[in-house]
Amino acid sequence: LTDSPSDHRLAGAIAKFNRSKEQFDELIVEMDAFFNQDPKPHHSVGEFDTEKWEWVERFQITQEPPLRLGVIFGDCIHNLRSALDHVIWQTTLLDGGTPDDSTQFPIASKSEAQFEAIAKRRIAGLSEKHRALVKQAQPYNAGDQAHRHPLGVLATLSNTDKHRVVHPAYSFISDDPGPALDALVGSYQGEDSSPVHAFWMAKRGTRLMHGTPWFRITWEPGEEPPREVQVNADMTLGIAFGDIGVAASSIRHIAEAVLKVIQAFMADFPETVWED
Amino acid sequence: MHALHVETERFLGSPAYVPVVDEDPQTGEHVLRVEVRKWPPVLDWGVLAGDAVHNLRSGLDHLAFALCGDPPPNPDKSAFPIFDSEKGFDHKGCELLRGADAEVKRLIKAVQPGLRFKTPKAAHQDPLWLLYKLSNAEKHQLVLTVGGATHGANFPNLGPELERSTREVIAVGMGVLRKPITEQNQEFVRWTPDPGKPKLDPHRNMELAFFVAFDPEGPGRGLAAHDLLRKIDSYIRQQVLWPLCPHLPGMTLSDTELMLAISRLAVVH
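Residues numbered from 1 in each chain as written. Chains lettered and ligands numbered in written order. Predicted model: local features only at pLDDT ≥ 70, side-chain atom pairs only at ≥ 80, totals over all residues. Heavy atoms only, no water.

### Observations regarding the overall build of chain B
A tally of regular secondary structure across chain B gives 11 helices and six strands. Here chain B has a C-alpha radius of gyration of 24 Å; the compact-globule value for 269 residues is 18 Å, and the former is much larger. Dimensions of chain B, computed from C-alpha atoms along their principal axes, come out at roughly 75 × 35 × 30 Å. Among the 269 residues that make up chain B, the fraction classed as buried is 47%. Taking all contacts inside chain B whose residues are at least 6 apart in sequence as the whole, residues at least 24 apart take part in 69%. In the form shown here, chain B has an accessible surface area of approximately 13400 Å², with 54% of it arising from carbon and sulfur atoms. (Helix = DSSP H or I, 4+ residues; strand = E, 2+ residues; numbered from the N terminus. Rg over C-alpha atoms; globule rule 2.2 N^0.38 Å. Buried < 20%, exposed > 50% of the residue type's maximum accessible area, 1.4 Å probe, protein only. Contact = heavy atoms within 4.5 Å. Areas by Shrake-Rupley, 256 points an atom, 1.4 Å probe, with all protein chains shown as cover.)

Rendered as structure tokens:
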């Protein structure tokens, strides 16, 4: 949504949505700055474990992601959540209702009954058609995947950010280890059989904690252990937030879900003009 | 808050508003209008103000959450109560602080707008009440309206002929006192000039001051946007955070000294 003419009744919702995009961009810049600082906030140290006969690389954390990242993340989440509420406020007016302090976009992840209970107060002034649109967008419709529904995640993140704590940020592995392991398995160029019994890499999503193993090379029993292993691979790291571990990149999915709602309602405002 | 300040100062620094005095040919009255050469990005400013409001309000809730135990007995209902009556606080506010010790509840009760002032009207001028209203509006209802307004007028170069025109000067002064600019060539005041006297020259005889304010009809009550947000911020630091921070779990004396230093720094700024 790039254009938000201020005479459109949903201009406020669109401005909120666009602000969340600016904050997301700011978050990406700050995350890059964190990862690319000198010295790096994380590095790896390896040693040979003589009991297990394996080389183990472990994360060394010199700096955790700053709290500020959680604050920016929270601002972004707040504006997305707020954009939904603004849509309902304006749509209530459009439908001839009278919005009040209870008016909000309801988000129900548990059940239809939960939705009905919340909707009584939140969207009392909406027409049947618009009520149905809200109902259609509810996370509970996703059944056992409701907890992963973008709007359900948005509600959880927003409530925590607004009322309880800044979402703590932590680094995690965002690479799938599969291709790297495949390349390693076929990489031995010696004349004899490979002295390596197995490779192991931490899976995608593993949280970076000080001392956590992320790479192991198990040697064949009896093979001479290496004095040194040089790990040249660059690992792609990401930052996730909160107890539920939402990756920063997931904001895109949440934003898409919010945009879908805004667009669905926007179609019913007579001042909306669609361009190709 | 800083972003809003930078944006609005930049805007006011440009010649966005130009005062014009013309004569109404029908009545012969002089009319002071403001020509708008650049419209303010009202929505963008409103969203920035909303971000500041959200973080100020949210900071209070985080404080209450931390003061209600680890974990609070009722984490989903924990919030920093803001009530304009003692009854409201006693009935609903205490419930939001379940798990907090009695002294914390007493301190939070002491800063309630309804207890600091005798009448609801006075309580509604309280910084916490203004924050409460601004926060509800920006989160659930509308982008806060933040726009340009006239602040007041100075008359530095009236000259000997115009010095006698006190009536005209007062009329202009009153006409431009804190009024939002919403239309092109908006009329602010009209007056009947003294016969035979030269017309007030808006560029030579008067200096109009402009500022950026919340909508007078909205929860910001026409107050200067950045000033109000700073006032709320400063109030929270000194009157809420400072007395309550010694009660935060794990807070040491040196931490509290640091908090005091931060509060004082905010005042200096």
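There's plenty left to go through after this.
### Description of the interface of chain B and chain A
With 22 residues of chain B at the interface, the matching set in chain A holds 29 residues. Among the residues of chain B in contact with chain A, B:Lys139, B:His140 and B:Gln141 are the three that bury the most area, contributing 28% of the side total. If you look at where chain B meets chain A, you find five salt bridges. In this structure, B:Asp61 engages A:Lys162 in a salt bridge whose closest nitrogen and oxygen atoms are separated by 3.9 Å. The set of elements that each furnish at least two residues to the side of chain B that touches chain A consists of helix H2 (42–67) and helix H7 (127–141) of chain B. Looking at the side of chain B that touches chain A residue by residue, the classes come out as eight nonpolar, eight polar and six charged. (Buried area = accessible area lost by both parts, 1.4 Å probe. Salt bridge = Lys/Arg side-chain N within 4 Å of Asp/Glu carboxyl O. Nonpolar A, V, L, I, M, F, W, Y, C, P; charged D, E, K, R; others polar.)

### Some remarks on the packing of aromatic side chains
Think of a pair of aromatic rings as described by two things: how far the centres are apart, and how the planes are tilted against each other in angle. Counted by the stated rule, this structure contains 12 aromatic pairs over all chains. Aromatic pair A:Phe48 and A:Trp219: ring centres 6.4 Å apart, planes at 80°, arrangement edge-to-face. A residue pair is termed long-range when its members are at least 10 positions apart, and A:Phe48 in strand S1 (residues 42–49) and A:Trp219 in strand S5 (residues 213–219) qualify at 171 residues. Here A:Phe48 and A:Trp219 have matching classes, each one buried. An angle of 75° between the planes, with centres 5.7 Å apart, marks the rings of B:Phe11 and B:Tyr17 as edge-to-face. You can call B:Phe11 buried: its relative accessible area is 4%. According to the relative accessible area criterion, B:Tyr17 is buried, its value standing at 7%. Through pairs of rings, three or more aromatic residues link up here, namely A:Phe59, A:Phe199, A:Trp214 and A:Phe215. For A:Arg207, the ring lying beneath its charged end belongs to A:Tyr170, and the centroid distance is 3.9 Å. The ring of A:Trp200 carries A:Arg216 above its face, with NZ or CZ at 4.8 Å from the centroid. (Phe/Tyr/Trp six-rings, centres within 6.5 Å; stacked < 30°, edge-to-face > 60°. Lys NZ or Arg CZ within 6 Å of the ring centre and 35° of its normal.)

### Section: the pattern of salt bridges
Residue and element names in this part refer to chain A. Following the criterion strictly, the structure yields 29 salt bridges over all chains and no others. A salt bridge links arginine 68 to glutamate 26; the shortest N-O distance between them is 3.1 Å. One end of the pair, arginine 68, is in helix H2 (residues 67–94); the other, glutamate 26, is in helix H1 (residues 11–36), and 42 residues separate them in sequence. Taking relative accessible area as the criterion, arginine 68 reaches 42% and is therefore assigned partly exposed. Each of Glu112, Glu116, Arg131 and Lys135 takes part in one network of salt bridges that share partners.

### Points about the pairing of strand S6 (residues 207–214) of chain B
Residues and elements named next belong to chain B. Among the eight residues in S6, six count as buried, and that is most of the element. Pairing geometry for strand S3 (residues 146–154) and S6, over eight bridges, is antiparallel. The residue bridging glycine 152 from the neighbouring strand is alanine 209, located in S6. (Pairing = 2+ DSSP bridges.)

### Looking at the nonpolar core
Counting residues in each nonpolar core, the largest one holds 62 residues, and the members touching the most others are B:Leu32, B:Phe80, B:Leu128, B:Phe214, B:Val240 and B:Leu244. Here this core gets 10 residues from one element, more than from any other, and that element is H2(B). Contacts of B:Val240, omitting those with residues within four sequence positions, involve B:Leu60, B:Leu63, B:Phe80, B:Val111, B:Leu128 and B:Tyr235. Core analysis: the next-biggest nonpolar cluster, separate from the first, contains 50 residues, A:Leu10, A:Phe73, A:Tyr140 and A:Ile239 among them. (Core = buried A, V, L, I, M, F, W, Y, C linked by side-chain atoms within 4.5 Å.)

### Thoughts on the environment of A:Lys110
Considering the arrangement of structural elements, one finds A:Lys110 in the loop between H2 and helix H3 (112–122). Between the alpha carbons of A:Lys110 and A:Ala146 there is a distance of 7.5 Å; along the sequence they are 36 residues apart.

### Here's the deal with the state of the cysteines
Residues and elements named next belong to chain B. Within this structure, the stated rule accounts for zero disulfides over all chains. With no disulfide of its own, cysteine 68 lies closest to cysteine 94 among cysteine sulfurs, the gap being 10 Å. For the unlinked cysteine cysteine 245, the closest cysteine sulfur is that of cysteine 68, found at 16 Å. For cysteine 245, a relative accessible area of 0% translates into the label buried. (Disulfide = S-S within 2.5 Å.)

### Digging into the sheet that holds S3(B)
Residue and element names in this part refer to chain B. Spatial strand order, S4-S3-S6: three strands in an open sheet with antiparallel pairing. Whereas interior strands pair on both sides, the edge strands pair on one side only; in this sheet they are strand S4 (179–180) and S6. Against the sheet, helix H10 (residues 225–244) touches S3 and S6, its axis set at about 50° to S6. (Axes fitted to C-alpha atoms, helices over the stretch in contact; angles between N-to-C directions.)

### Thoughts on the pairing of S1(A)
Residues and elements named next belong to chain A. Of the strand pairs in this sheet, S1 and strand S2 (residues 54–61) are connected by eight bridges, and their pairing is antiparallel. Across the sheet, residue valine 45 finds its bridge partner in S2, namely arginine 58. Between the antiparallel neighbours S1 and S2 lie four residues, among them tryptophan 53 with a positive phi of about 60°.

### Description of the packing of helix H5 (residues 150–163) of chain A against helix H7 (residues 251–266) of chain A
Residues and elements named next belong to chain A. Close contact between H5 and H7 brings their axes to 8 Å; oriented N to C, the two are set at 105°. Our classification of the angle between H5 and H7 gives roughly perpendicular. Touching Pro150, Leu151, Val153, Leu154 and Leu157 of H5 are His253, Ile254, Ala257, Val258 and Val261, all from H7. Here the residues of the contact of H5 with H7 are counted per class, giving nine nonpolar, one polar and no charged. (Parallel < 35°, antiparallel > 145°, perpendicular 65-115°, else oblique.)

### Notes on a nonpolar patch on the surface
There is a patch of nonpolar side chains on the surface, built from B:Ile170, B:Met174 and B:Leu177 and spanning about 320 Å² of accessible area. Along the polypeptide, B:Ile170 turns up in helix H9 (residues 166–175). (Patch = residues over 30% accessible without salt bridge, like charges linked within 9 Å, V, L, I, M, F, W, Y side chains within 5 Å.)

### Points about the confidence of the model for chain B
All names here are of chain B. Residues at a pLDDT of 70 or more form 91% of chain B, whose mean pLDDT is 89. Low pLDDT, under 50, characterises residues 264–269; the stretch is placed with four contacts to residues that sit more than four places away or in other chains. Our summary of model confidence lists the complex with pTM equal to 0.87 and ipTM equal to 0.84. (pLDDT = per-residue confidence, 0-100.)

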